[in-house]
Amino acid sequence: MASPVTALFLLALIFMGSEAVAPLSDCCLKTTNKVVPKKYASDYIIQEAGQGCKIEATIIITKSNFKLCIPHPDRSQPVADLITYLDSKKSASNKVHNKRSTN
């Protein structure tokens, strides 16, 4: 029979292992400095270090659902400009959608 300490250790290992694996599956491990043309970008996700991922990054999602890891907007002005552009597109799209819903 296993000792209570061994059983507790195994239980902790199982719990910690399941928590450690899941968040890392969608994390950028490195970034590229390639410039993403605005016409190809459709959305983005900001990745913060310490929240399940090791590095800060921006995940750009293209219109063909391709994901590209580029620098965090705090570290790259072109990335910050792209995010501002995408946010303004979303805002304009929501205004049009809201007008259609009320008519």
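The structure reproduced in this document is the subject of the present report. In this text the structure is predicted, and so the values were computed from the model without any measurement.

### Overview of the overall build of the protein chain
Then, number 1: Counting secondary structure elements, the protein chain contains two helices and three strands.
Then, number 2: Each helix and strand of the protein chain, placed in order from N terminus to C terminus, yields the pattern α-β-β-β-α.
Then, number 3: Expressed as a percentage of the 103 residues in the protein chain, the buried residues total 22%.
Then, number 4: Total accessible area on the protein chain stands at roughly 7900 Å², and carbon and sulfur atoms take up 61% of it.

### Brief notes about the sheet that holds strand E2 (residues 57-62)
Within a sheet, adjacent strands bond to each other through the backbone by hydrogen bonds, running parallel or antiparallel.
Then, number 1: Strand order across the open sheet formed by three strands is E1-E2-E3, with antiparallel pairing between neighbours. Since the sheet does not close on itself, it has two edges, and those belong to strand E1 (41-47) and strand E3 (67-70), each with one partner. Neighbour-to-neighbour, the strand axes of the sheet open up by a mean angle of 25°, direction not taken into account.
Then, number 2: Two strands pair when backbone bridges link them, and E2 and E3 are joined in this way by four bridges, in the antiparallel orientation. Across the sheet, Thr58 pairs through a bridge with Ile70, a residue of E3.

### What to know about the state of the cysteines
Then, number 1: Scanning the model with the defined rule gives two disulfides in all.
Then, number 2: Cys27 shares a disulfide with Cys53; S-S distance 1.9 Å. Because the torsion about its S-S bond is -70°, the bridge between Cys27 and Cys53 counts as left-handed. Of this pair, Cys27 sits in the loop between helix H1 (4-24) and E1 while Cys53 sits in the loop between E1 and E2, placing them 26 residues apart in sequence. Each member of the pair Cys27 and Cys53 is classed as buried.
Then, number 3: The disulfide partner of Cys28 is Cys69, and the S-S distance across this bridge is 2.0 Å. Negative torsions about the S-S bond denote left-handed disulfides, and the value of about -80° found for Cys28 with Cys69 makes this one left-handed. Of the two residues, Cys28 sits in the loop between H1 and E1 while Cys69 sits in strand E3, which places them 41 residues apart along the sequence.

### Considering unusual backbone geometry
Then, number 1: Despite not being glycine, Asn65 shows a phi value in the positive range, around 65°.
Then, number 2: In this structure, Asn65 sits in the loop between E2 and E3.

### So, the side chain of His72
Then, number 1: Its place among the elements puts His72 in the loop between E3 and helix H2 (77-102).
Then, number 2: Excluding residues that lie within four positions of it along the chain, His72 makes contacts with Ile46, Gln47, Glu48, Glu56, Ala57, Thr58 and Val79.

What counts, and at which threshold
Residues numbered from 1 in each chain as written. Predicted model: local features only at pLDDT ≥ 70, side-chain atom pairs only at ≥ 80, totals over all residues. Heavy atoms only, no water. Helix = DSSP H or I, 4+ residues; strand = E, 2+ residues; numbered from the N terminus. Buried < 20%, exposed > 50% of the residue type's maximum accessible area, 1.4 Å probe, protein only. Areas by Shrake-Rupley, 256 points an atom, 1.4 Å probe, with all protein chains shown as cover. Pairing = 2+ DSSP bridges. Axes fitted to C-alpha atoms, helices over the stretch in contact; angles between N-to-C directions. Disulfide = S-S within 2.5 Å. Contact = heavy atoms within 4.5 Å.

Coordinates in, geometry out; function isn't part of it.
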